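# Examination of the molecular architecture
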Amino acid sequence: MILKALRKNGPVTINYYKNGLLETVQGRVQNLNLVDQTLSLKDENQNTLSVRLSGIKEIHES
């Protein structure tokens, strides 16, 4: 279900755990690395953020 939401090209909002805290980020999927189990997002300021797939709680299509 999570991977299905990541296939879309539109913006997504991801709630994920980082160091035990729930964080929220919005952006477009840049890269999905299944070997390293990471997801790279590019936000509206063109900053790239890497999120571990195991830490993702929810994904919403924006």
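In this report, we go over the structure that sits alongside the text. The numbering scheme is per chain: residues are counted from 1 as the chain's sequence reads. Residue-level local features of this predicted model are given only where pLDDT is at least 70; pairs of side-chain atoms are given and counted only at 80 or more, and the full residue set underlies all totals for whole chains, interfaces and linings. In computing side-chain properties, one takes all heavy atoms of the structure into account and sets aside hydrogens as well as water.

### Here's the deal with the pairing of strand 3 (residues 38–42)
Keep this limit in mind: Relative accessibility under 20% of the residue-type maximum defines a buried residue, over 50% an exposed one, and the middle range a partly exposed one, all with a 1.4 Å probe and only protein chains included. Working definition: helices are DSSP H or I runs of at least four residues, strands are E runs of at least two. Numbering for both runs from the N terminus. Pairs of strands are assigned from DSSP output, requiring at least two bridges between the strands.
Across the five residues of strand 3, four count as buried, placing the element largely inside the fold. Alignment of strand 2 (residues 21–33) against strand 3, held across five bridges, turns out to be antiparallel. When the sheet's bridge partners are listed, N31 is paired in strand 3 with S40. Between strand 2 and strand 3, which pair antiparallel and follow one another directly, the connecting turn spans four residues, one of which, Q37, has a positive phi of 60 degrees. In the sheet, strand 3 pairs with strand 4 (residues 48–52) via five bridges, with the strands oriented antiparallel. Across the sheet, T38 pairs through a bridge with R52, a residue of strand 4. Turn length for the strand 3-strand 4 hairpin, with the two strands adjacent in sequence and antiparallel, is five residues, and the turn residue Q46 shows positive phi of about 65 degrees.

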